[in-house]
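Each chain, letter by letter, is given below.
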Amino acid sequence: MKVHEYQAKAILSQHGVPIPDGEVAFTAAEARSVAERLGTEVVVVKAQIHAGGRGKGGGVKLAKGPAEAERIAGELLGMQLVTHQTGPAGRRVGRLLVEQGLDIERELYLGLVLDRAAGCPVVMASAAGGVDIEEVAAATPERILRELSHPTAGLSPYQARALAFGLGLDATQVGPAVKLMRSLDAAFRAIDATLIEINPLVVTRDGRLLALDAKITLDDNALFRHKALGELRDLTEEEPLEVEASKDALNYIKLDGKIGCMVNGAGLAMATMDIIKLSGGEPANFLDVGGGANATQIRNAFRILMSDPCVKAVFINIFGGILRCDVLAEGVIAAVTELDVQVPVVIRMEGTNVEQGRQMLDASGLNFTTAATMAEAANEVVRLAAVA
């Protein structure tokens, strides 16, 4: 789960990470009031959406005084902000962060992410802040410093000092930097984050280190431990079909292809998308109905697939274990009948009660195409999608 920048900064501040003074605003009038309270000559008005590249897209602007902050806020609120991460449709801006302007001397990068190969968080730092870290990693990977954070002990002081000196901070800044890095590491663990990124971490002219920007991604599976953090979820920033799927405990991610996929098990779902691509097609989604899905969930999953106008054919690939093949057939028949599905449906299933399931599909009188193997099913659904 992602949170907005102002929410991420509030979380980090609670864990001792220094941030600029600022407040969220939902109207232009509120933006003016915040600017008045900040009392600085320059304020920054920042659009709040779940995407990077806001500055390049025109979503971050400087304002000289409350009146200009109000005017800029009026321009930003309600706009469709397009960045390299939003796609051409962009995201509607519904809230703003109004912050004090800072006299910045240097821009650094600092982030934590789970290193799955090492089995622990890794702290990454770079003197090349303020730009996409992916560009730095591709062009000059040696400029990214890394320190593994121990699974139980966390980031040690000597590791944080190594990063601080590696960033070229002076002696008076090393102590605050060590404290900031260890606070960030502690926050990562405390909130069960999968990503915390500060880009840029700035050094001001008077020598302070502040998180000028902040991005946090939380582990959805750990939100039961963090009820307050779960309430920060902004459904307007998420794909509507993914929100709808989450209500039925379905794992759904929308993609750009035209072959809808319904599979049980994440591994089989990945293999299904791979074989569709190998057959020359493009999957329209990742949809894992889970091992214990019932007929109602299958019907709801089909409804979500059909809600995507890009879907021209459906590939159902089920290994019947806990989810028996006859239960799958029952749900699919009910969904196709209820929704009056007009696109081709290709079904490949194996496992518990597979013969009973196939008999139910044959007896339904509906236009299903069954296949014995994944390769056969993938080739057929790609062919049908091309002519649909």
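Rules used throughout
Residues numbered from 1 in each chain as written. Predicted model: local features only at pLDDT ≥ 70, side-chain atom pairs only at ≥ 80, totals over all residues. Heavy atoms only, no water. Helix = DSSP H or I, 4+ residues; strand = E, 2+ residues; numbered from the N terminus. Buried < 20%, exposed > 50% of the residue type's maximum accessible area, 1.4 Å probe, protein only. Contact = heavy atoms within 4.5 Å. Areas by Shrake-Rupley, 256 points an atom, 1.4 Å probe, with all protein chains shown as cover. Pairing = 2+ DSSP bridges. Axes fitted to C-alpha atoms, helices over the stretch in contact; angles between N-to-C directions. Core = buried A, V, L, I, M, F, W, Y, C linked by side-chain atoms within 4.5 Å. Arc of directions from axis to C-beta. Expected span 1.5 Å × (residues − 1). Parallel < 35°, antiparallel > 145°, perpendicular 65-115°, else oblique. Left-handed = near helix turned anticlockwise from the far one by under 90°. Nonpolar A, V, L, I, M, F, W, Y, C, P; charged D, E, K, R; others polar.

## Thoughts on the overall build of the protein
Then step 1. Within the protein, the regular secondary structure consists of 13 helices and 18 strands.
Then step 2. Within the span of the protein, comprising 388 residues, buried residues form 48% of the whole.
Then step 3. A separation threshold of at least 6 residues defines the contact pool for the protein, and within that pool the share at least 24 residues apart is 68%.
Then step 4. When the accessible surface of the protein is summed, it comes to about 17,700 Å², and 53% of that surface belongs to carbon and sulfur atoms.

## Side note on the sheet that holds strand β6 (residues 96-100)
In any sheet, the strands associate via hydrogen bonds between backbone groups, in a parallel or an antiparallel arrangement.
Then step 1. Within the open sheet, the four strands sit side by side as β1-β6-β2-β3. Their pairing is antiparallel. A strand with exactly one partner marks an edge of an open sheet, and here the two such strands are β1 (22-25) and β3 (60-63). In this sheet, neighbouring strand axes are inclined to one another by 25° on average, regardless of whether the strands run parallel or antiparallel.
Then step 2. Where strand β2 (residues 43-47) and β3 come together, four bridges link them in antiparallel fashion. Note on β3: the bridge partner recorded for V44 is L62.

## Quick notes on the nonpolar core
Then step 1. L12, M181, I196 and I216 are the most contacted members of the largest nonpolar core, which has 38 residues in total.
Then step 2. Breaking this core down by element, the ones donating at least two residues are α1 (5-14), β7 (104-115), β8 (120-126), α5 (157-166), α6 (171-190), β10 (193-204), β11 (209-211) and β12 (215-218).
Then step 3. The element best represented in this core is α6, accounting for eight residues.
Then step 4. Once residues lying within four places of it in the same chain are set aside, the contact partners of M181 are L110, L155, A160, L163, A164 and L167.
Then step 5. Counting 33 residues, the second-largest nonpolar core is a separate cluster that includes M262, V314, L323 and F368.

## Examining helix α3 (residues 66-76)
Then step 1. Buried within α3 are the following residues: A69, I72, A73 and L76. Seen end-on, α3 carries its buried residues on one side only, within an arc spanning 105°.
Then step 2. Those residues of α3 that are buried lie in contact with α2 (28-38), β2, β3 and β6.
Then step 3. The positive-phi residue at the C-terminal boundary of α3 is G78, with phi of around 90°.

## A closer look at helix α13 (residues 374-387)
Then step 1. End to end, α13 covers 20 Å across 14 residues, agreeing with the expected 20 Å (1.5 Å per residue, within 8%).
Then step 2. Inspection of α13 places M374, A377, A378, V381, V382, L384 and A385 among the buried residues, and these make up the whole buried set. Down the axis of α13, the buried side of the element spans an arc of 165°, and every buried residue falls inside it. Of the exposed residues in α13, the ones pointing more than 90 degrees away from its buried face are A386 and V387.
Then step 3. The elements touched by buried residues of α13 are β14 (259-263), α9 (266-278), β16 (313-320), β17 (345-351) and β18 (368-370).

## What to know about unusual backbone geometry
Then step 1. In this model, N199 is joined to P200 through a cis peptide bond whose omega is 10°.
Then step 2. When you line up the elements, P200 lands in strand β10.
Then step 3. One non-glycine residue, D192, adopts positive backbone phi at about 55°.
Then step 4. As for its placement among the helices and strands, D192 is situated in the loop between α6 and β10.
Then step 5. With a relative accessible area of 18%, D192 lands in the buried category.

## Quick notes on the packing of α2 against α3
A pair of packed helices is characterised by two quantities: the angle between their axes and the separation of those axes.
Then step 1. Running from amino to carboxyl end, α2 crosses α3 at an angle of 150°, the nearest separation of the two axes being 8 Å. In terms of orientation, α2 lies roughly antiparallel with respect to α3. For the element pair α2 and α3, the recorded crossing hand is right-handed. Residues A28, A29, A31, R32, A35 and E36 of α2 lie in contact with α3, whose contacting residues are P66, A67, A69, E70, A73 and G74.
Then step 2. Tallied by class, residues from the contact of α2 with α3 come to eight nonpolar, one polar and three charged.

## Overview of the packing of α9 against α13
Then step 1. At a minimum axis distance of 9 Å, the contact between α9 and α13 shows a crossing angle of 55°. The angle between α9 and α13 falls in the class oblique. You can see that α9 and α13 cross each other, and the crossing is right-handed. Contact residues: L268, A271, T272, I275 and I276 in α9; M374, A375, A378 and V382 in α13.
Then step 2. Grouping the amino acids of the contact of α9 with α13 by side-chain chemistry returns eight nonpolar, one polar and no charged.

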